[in-house]
10 protein chains.
Amino acid sequence: MTERFAVRMVVDLPADMDSDVKADLLAREKAFSQEWQRSGEWVSIWRCVGEYANLSIFEVRDNAQLHEILSGLPLFPYMSMQVTPLTTHPSDIKA
Amino acid sequence: MTERFAVRMVVDLPADMDSDVKADLLAREKAFSQEWQRSGEWVSIWRCVGEYANLSIFEVRDNAQLHEILSGLPLFPYMSMQVTPLTTHPSDIKA
Amino acid sequence: MTERFAVRMVVDLPADMDSDVKADLLAREKAFSQEWQRSGEWVSIWRCVGEYANLSIFEVRDNAQLHEILSGLPLFPYMSMQVTPLTTHPSDIKA
Amino acid sequence: MTERFAVRMVVDLPADMDSDVKADLLAREKAFSQEWQRSGEWVSIWRCVGEYANLSIFEVRDNAQLHEILSGLPLFPYMSMQVTPLTTHPSDIKA
Amino acid sequence: MTERFAVRMVVDLPADMDSDVKADLLAREKAFSQEWQRSGEWVSIWRCVGEYANLSIFEVRDNAQLHEILSGLPLFPYMSMQVTPLTTHPSDIKA
Amino acid sequence: MTERFAVRMVVDLPADMDSDVKADLLAREKAFSQEWQRSGEWVSIWRCVGEYANLSIFEVRDNAQLHEILSGLPLFPYMSMQVTPLTTHPSDIKA
Amino acid sequence: MTERFAVRMVVDLPADMDSDVKADLLAREKAFSQEWQRSGEWVSIWRCVGEYANLSIFEVRDNAQLHEILSGLPLFPYMSMQVTPLTTHPSDIKA
Amino acid sequence: MTERFAVRMVVDLPADMDSDVKADLLAREKAFSQEWQRSGEWVSIWRCVGEYANLSIFEVRDNAQLHEILSGLPLFPYMSMQVTPLTTHPSDIKA
Amino acid sequence: MTERFAVRMVVDLPADMDSDVKADLLAREKAFSQEWQRSGEWVSIWRCVGEYANLSIFEVRDNAQLHEILSGLPLFPYMSMQVTPLTTHPSDIKA
Amino acid sequence: MTERFAVRMVVDLPADMDSDVKADLLAREKAFSQEWQRSGEWVSIWRCVGEYANLSIFEVRDNAQLHEILSGLPLFPYMSMQVTPLTTHPSDIKA
């Protein structure tokens with residue numbers, strides 16, 4: 001059984017971050033995200049147009065696993081997140 | 001070619017709405033939504049837990065078609081909507 | 001396995017609601033809440049001082065069950081809710 | 001006699017904080033929190049999913065003691081807090 | 001022992017309230033407020049200039065008594081309240 | 001003749017402020033505040049629980065004197081203030 | 001001696017207000033405003049473009065007189081107000 | 001000489017407005033808008049997707065004329081407006 | 001012909017600004033403001049009590065001139081501004 | 001086929017940015033903007049009076065191209081953006 005959540009993540013990196021540090025951070029962020037995409041918990045990730053932000057859909061075992069993923073992100077200290085628990089909509093034709 | 005958007009819709013029905021009017025309205029809303037789900041533009045619809053609200057993903061021909069769908073909803077006069085244009089995220093393994 | 005959530009509920013009844021309708025509504029609200037308290041899902045409910053509002057803690061099977069409880073409340077059409085998914089805190093001595 | 005309060009604490013550490021300073025700060029924060037949990041005033045502490053934040057329940061002697069605890073937290077200079085005084089809810093089956 | 005709180009109350013009466021109903025309501029509000037002023041719990045009440053609002057200081061036995069007073073106000077259904085728990089300030093020359 | 005105002009002051013000191021500079025600043029702040037308390041213009045000062053903030057009541061000669069006091073505070077550059085002009089409330093038993 | 005204040009007033013009339021009632025209300029509002037303009041307390045009144053709102057400057061005897069004027073406005077029950085106490089600016093060439 | 005402004009208008013019609021009244025209102029709104037488009041002051045009008053709202057560009061003689069147009073709209077009592085004065089941007093290739 | 005605007009300016013100087021740099025900046029700000037006051041465009045400037053902020057009234061040739069003045073202020077990079085276009089109010093006895 | 005969007009961009013440069021770095025950044029920003037204006041996607045750009053901000057209209061191939069332009073701006077790391085998808089308004093005489 002999995003629980004679905006929408007998470008909107010906004011990134012705010014310091015303007016004076018060293019470019020090597022930044023490149024390393026972003027590479028690890030991408031790898032971390034893709035690992036969880038491949039294992040199936042991070043179902044979708046979309047860029048919000050004009051923002052350093054994404055909207056993602058997660059299907060996780062429980063609240064604890066969602067927090068483990070989100071707080072494990074290399075960019076977590078530079079992000080603000082908005083978490084919305086989701087459930088089946090009565091009009092959903094796939095439900 | 002299709003464009004992807006996230007739309008968060010919050011419903012606020014008048015407390016004193018006639019129950020028959022309401023039942024009819026909700027039935028038409030459901031039918032309208034499912035028609036666009038079947039034709040493929042309304043890709044996902046999820047209930048936000050604890051709210052009379054949904055988060056939906058649309059893949060539409062253009063801005064005009066998205067507005068045609070949203071403003072055509074029988075509940076449109078009772079909804080507030082937040083529209084976010086989306087694009088591919090560089091970390092997306094499906095991209 | 002249960003998932004923990006904090007829910008803040010604010011009630012806004014119409015000023016001109018018929019007093020019998022209101023009394024019946026509140027009686028059904030209380031019964032509904034207490035039923036879920038007795039079955040263990042609604043763990044705590046506290047009044048927020050000076051507000052027609054409560055802060056509640058739920059331990060539910062999943063997101064779907066939380067929405068079933070919240071949307072089943074007789075006062076649901078008159079409430080706005082703020083749902084926060086919780087997990088264990090690393091400083092919690094009971095964890 | 002004790003008074004109950006809900007407190008939501010959000011932590012915002014500077015991105016460039018020295019890692020030793022940070023480790024020491026967090027160790028002292030944890031010890032301080034657990035001391036007040038053991039003595040009974042800090043009744044519950046939960047992590048808010050996806051945030052560097054917690055929701056806590058306190059049962060304290062009075063307003064002064066609550067401020068003593070909160071302002072004594074090693075992380076206090078890096079936190080913003082939202083304090084809600086609570087009282088018994090008429091629907092509470094334990095009241 | 002008493003606990004001190006600041007409460008800001010904003011009144012929003014329906015524009016079409018019957019004038020006799022309103023006069024009666026306001027008379028009962030005034031009597032209720034003055035009763036608690038005389039018994040000492042409602043220490044100060046000031047009008048906020050240009051608003052149908054007041055700022056009040058309460059010294060009460062506990063959270064429960066503060067809620068009893070505030071929720072007992074005849075105007076309570078028409079008010080929104082902001083409650084701030086107070087304690088002694090280290091610079092206070094009277095402390 | 002004096003005019004009454006409520007002022008809510010929130011302090012935000014830089015995390016890296018030198019501890020001697022800070023100690024000197026706070027000592028001067030306290031002395032400055034107490035001087036105006038003794039001369040009668042700064043009638044009350046209370047700590048807001050869980051915040052580096054206070055709620056104060058002033059009775060001053062005029063707007064100019066209130067600004068002179070507030071802008072003269074050694075912590076003024078680190079504070080945000082919310083000023084509310086007050087007048088007598090018709091329900092006040094002392095009026 | 002007079003005290004200066006800026007007041008921003010926003011009007012929100014019910015859409016279904018009877019047109020005679022409205023005409024009478026607006027006529028009395030205008031007369032009331034002009035009376036205080038002529039006596040000198042209501043120094044300036046400007047329309048905010050695109051809004052049913054005004055920005056006004058008052059020079060009054062004290063806080064009490066300002067509240068007397070504002071709360072005496074026939075439109076007061078339909079207005080929200082934002083009051084800013086002003087004082088001389090050090091760069092003012094007229095000061 | 002003309003002055004340029006951006007205006008965002010959001011419409012909020014009462015849910016129970018009579019359909020004939022509404023049809024008449026909307027017809028007059030359209031005619032009024034088109035008249036000012038033809039005379040050149042209302043340069044652009046676009047629908048905001050998913051909202052009963054528009055973003056418009058005006059080039060008017062002065063502030064007074066802009067207010068004359070906006071407050072003359074048949075829907076004005078049902079609209080909230082946000083007015084932004086514009087001027088030439090130094091990067092504009094047409095400037 | 002002149003256009004009237006209200007501008008609220010809030011200043012936020014870095015806490016660690018060099019005192020000579022600051023003194024020079026403020027001297028140039030004052031001179032700049034007074035130059036435009038003398039030439040008639042900057043009609044009024046008032047200090048907002050308890051804030052490092054002012055409310056000003058401008059009568060300018062057009063939007064471009066207002067932006068020229070505001071963006072030319074030595075403190076402009078440290079200010080946030082709120083610009084409100086004004087026009088004659090129908091109740092104004094001077095109109 | 002092109003899609004129309006309004007974008008409001010607000011710039012927030014660090015107060016201590018090196019003047020050569022800044023001059024170079026602004027020169028590249030201007031060149032980048034003008035390149036997209038000449039190729040037709042960046043249809044309009046206006047300065048918002050009193051703000052380091054602009055309102056722009058884009059006509060782009062799709063969401064992806066809009067994000068490519070906006071995120072490619074040399075000032076992008078220092079900007080916050082608000083993106084509004086637009087479509088034809090039924091009252092538009094040019095539609």
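For clarity, every value in this text was computed on a predicted model and none was experimentally measured. (Residues numbered from 1 in each chain as written. Chains lettered and ligands numbered in written order. Predicted model: local features only at pLDDT ≥ 70, side-chain atom pairs only at ≥ 80, totals over all residues. Heavy atoms only, no water.)

*Asks:* Describe the overall build of chain A, listing the residues and the values that go with them.
*Replies:* Secondary structure summary: chain A contains two helices and four strands in total. Along chain A, from the amino end to the carboxyl end, the secondary structure elements read β-α-β-β-α-β. Residues counted as buried form 55% of the 95 residues belonging to chain A. Element-wise, carbon and sulfur atoms account for 49% of the exposed surface of chain A, whose accessible area totals about 4,200 Å². For chain A, the separation between the mean place of its 9 positive charges and that of its 14 negative charges on side chains is 6 Å. (Helix = DSSP H or I, 4+ residues; strand = E, 2+ residues; numbered from the N terminus. Buried < 20%, exposed > 50% of the residue type's maximum accessible area, 1.4 Å probe, protein only. Areas by Shrake-Rupley, 256 points an atom, 1.4 Å probe, with all protein chains shown as cover. Lys, Arg positive; Asp, Glu negative; His and termini not counted. Charge placed at Lys NZ, Arg CZ, Asp CG, Glu CD.)

*Asks:* Which residues make up the relation of the copies chain A and chain J, and what values go with them?
*Replies:* Each copy superposes on the other: chain A lies on chain J with an RMSD of 0.0 Å after a rotation of 72° and an axial shift of 0.0 Å. The superposition of one copy onto the other is thereby described by a five-fold rotation axis. For chain A, the minimum C-alpha distance to the rotation axis belongs to P14 of chain A and amounts to 8.8 Å. (Least-squares fit on C-alpha atoms with pLDDT ≥ 70 in both.)

*Asks:* Can you break down the packing of aromatic side chains residue by residue, with the values?
*Replies:* Each pair of aromatic rings is reported with the distance of its centres and the angle of its planes. Residues and elements named next belong to chain G. Summed over the entire model, instances satisfying the criterion amount to 20 aromatic pairs over all chains. Centre to centre, the rings of W42 and F58 are 4.7 Å apart; their planes meet at 40°, and the pair counts as tilted. One end of the pair, W42, is in strand 2 (residues 42-48); the other, F58, is in strand 3 (residues 53-60), and 16 residues separate them in sequence. Using a relative accessible area of 0% as the deciding quantity, one classes F58 as buried. (Phe/Tyr/Trp six-rings, centres within 6.5 Å; stacked < 30°, edge-to-face > 60°.)

*Asks:* Would you mind going over the sheet that holds strand 1 (residues 3-11) of chain C in detail, with residue names and values included?
*Replies:* The strand order 1(C)-3(C)-2(C)-4(D)-1(D)-3(D)-2(D)-4(C) describes a closed barrel built from eight strands, whose pairing is antiparallel. The sheet shows a mean angle of 35° between the axes of neighbouring strands, taken without regard to direction. Packing of helix 2 (residues 63-72) of chain C onto the sheet brings it into contact with strand 1, strand 2 (42-48), strand 3 (53-60) and strand 4 (79-88) of chain C, and relative to strand 3 of chain C it is tilted by some 145°. The sheet strands contacting helix 2 (residues 63-72) of chain D are strand 1 (3-11), strand 2 (42-48), strand 3 (53-60) and strand 4 (79-88) of chain D, and the helix crosses strand 3 of chain D at an angle near 145°. (Pairing = 2+ DSSP bridges. Axes fitted to C-alpha atoms, helices over the stretch in contact; angles between N-to-C directions. Contact = heavy atoms within 4.5 Å.)

*Asks:* Now, about the relation of the copies chain B and chain A: what can you tell me, with residues and values included?
*Replies:* If you rotate chain B by 180° and push it 0.0 Å along the axis, it lands on chain A with an RMSD of 0.0 Å. On the angle and the small slide along the axis, the relation comes out as a two-fold axis. Comparing interface residues between copies, 100% of those in chain B also lie at the interface in chain A; the contact surface is shared.

*Asks:* An account of the interface of chain A and chain J is requested, with residue identities and associated values reported.
*Replies:* Of the residues lining the interface, seven residues belong to chain A; the matching set on chain J comes to eight residues. Across the chain A to chain J interface the summed buried area is about 570 Å²; carbon plus sulfur atoms make up 70%. Together, A15, V49 and G50 of chain A form the three largest contributors to the area buried by chain A at its contact with chain J, with a combined 75%. Taken together, the links from chain A to chain J amount to zero salt bridges. Applying the counting criterion to the chain A and chain J interface returns one residue pair in polar contact (both at pLDDT 80 or more). Looking at the side of chain A that touches chain J residue by residue, the class counts come to four nonpolar, one polar and two charged. (Buried area = accessible area lost by both parts, 1.4 Å probe. Salt bridge = Lys/Arg side-chain N within 4 Å of Asp/Glu carboxyl O. Polar contact = N/O pair within 3.5 Å; in protein donor to acceptor, adjacent residues only side chain to side chain. Nonpolar A, V, L, I, M, F, W, Y, C, P; charged D, E, K, R; others polar.)

*Asks:* For the side chain of S33 of chain C, give the residues involved together with the corresponding values.
*Replies:* When you line up the elements, S33 of chain C lands in helix 1 (residues 19-38). For S33 of chain C, a relative accessible area of 3% gives the class buried.

*Asks:* An account of the pairing of strand 2 (residues 42-48) of chain J is requested, with residue identities and associated values reported.
*Replies:* Residue and element names in this part refer to chain J. In terms of burial, strand 2 is largely enclosed, as six of its seven residues are buried. As paired elements, strand 2 and strand 3 (residues 53-60) share five bridges and run antiparallel to each other. Note that in strand 3 the partner of R47 across the bridge is N54. The loop that links strand 2 with its antiparallel partner strand 3 comprises four residues; one of these, G50, has a positive phi angle of about 80°.

*Asks:* Hey, could you go over the pattern of salt bridges for me, with residue numbers and the actual values?
*Replies:* One side chain can pair with another of opposite charge once the charged atoms of both are near each other. Residues and elements named next belong to chain A. Scanning all chains against the criterion turns up 30 salt bridges over all chains. Close ionic contact of E59 with R4 constitutes a salt bridge, the shortest N to O distance being 3.1 Å. Of this pair, E59 sits in strand 3 (residues 53-60) while R4 sits in strand 1 (residues 3-11), placing them 55 residues apart in sequence.

*Asks:* Give a description of the arrangement of the chains that names residues and reports values.
*Replies:* Nothing in chain E touches chain J, and the closest approach of their C-alpha atoms is 29 Å. Between chain F and chain J there is no contact; the minimum C-alpha to C-alpha separation amounts to 17 Å.

*Asks:* Now, about the interface of chain B and chain A: what can you tell me, with residues and values included?
*Replies:* Every contact between the two is made by 28 residues of chain B and, on the other side, 28 residues of chain A. Surface buried jointly by chain B and chain A totals about 2,500 Å² across both partners, of which 62% is contributed by carbon and sulfur atoms. Applying the counting rule to chain B against chain A returns zero salt bridges. Remark: the boundary between chain B and chain A carries 14 residue pairs in polar contact (both at pLDDT 80 or more). Elements with a contribution of two residues or more to the side of chain B that touches chain A: strand 1 (3-11), helix 1 (19-38), strand 2 (42-48), strand 3 (53-60) and strand 4 (79-88) of chain B. Here the residues of the side of chain B that touches chain A are counted per class, giving twelve nonpolar, ten polar and six charged.

*Asks:* Which residues make up helix 1 (residues 19-38) of chain G, and what are the values?
*Replies:* Residues and elements named next belong to chain G. Look at helix 1: 28 Å from first C-alpha to last across 20 residues, which is about the 28 Å you get at 1.5 Å a residue. Every buried residue of helix 1 is listed here: L25, E29, F32, S33, Q34, W36 and Q37. Residues of helix 1 that are buried in the fold lie against strand 2, helix 2 (63-72) and strand 4 (79-88). Capping the start of helix 1, D18 holds a side-chain oxygen 3.0 Å from the backbone nitrogen of D20, two or three residues further along. After helix 1 finishes, the residue G40 shows a positive phi value of roughly 100°. (Expected span 1.5 Å × (residues − 1).)

*Asks:* Kindly report on the sheet that holds strand 3 (residues 53-60) of chain H, identifying the contributing residues and their values.
*Replies:* Taken in spatial order, the eight strands of this closed barrel run 1(H)-3(H)-2(H)-4(J)-1(J)-3(J)-2(J)-4(H), and their pairing is antiparallel. Shown here is a sheet whose adjacent strand axes are inclined to one another by a mean of 35°, direction ignored. Lying over the sheet, helix 2 (residues 63-72) of chain H contacts strand 1 (3-11), strand 2 (42-48), strand 3 and strand 4 (79-88) of chain H, oriented at roughly 145° with respect to strand 3 of chain H.

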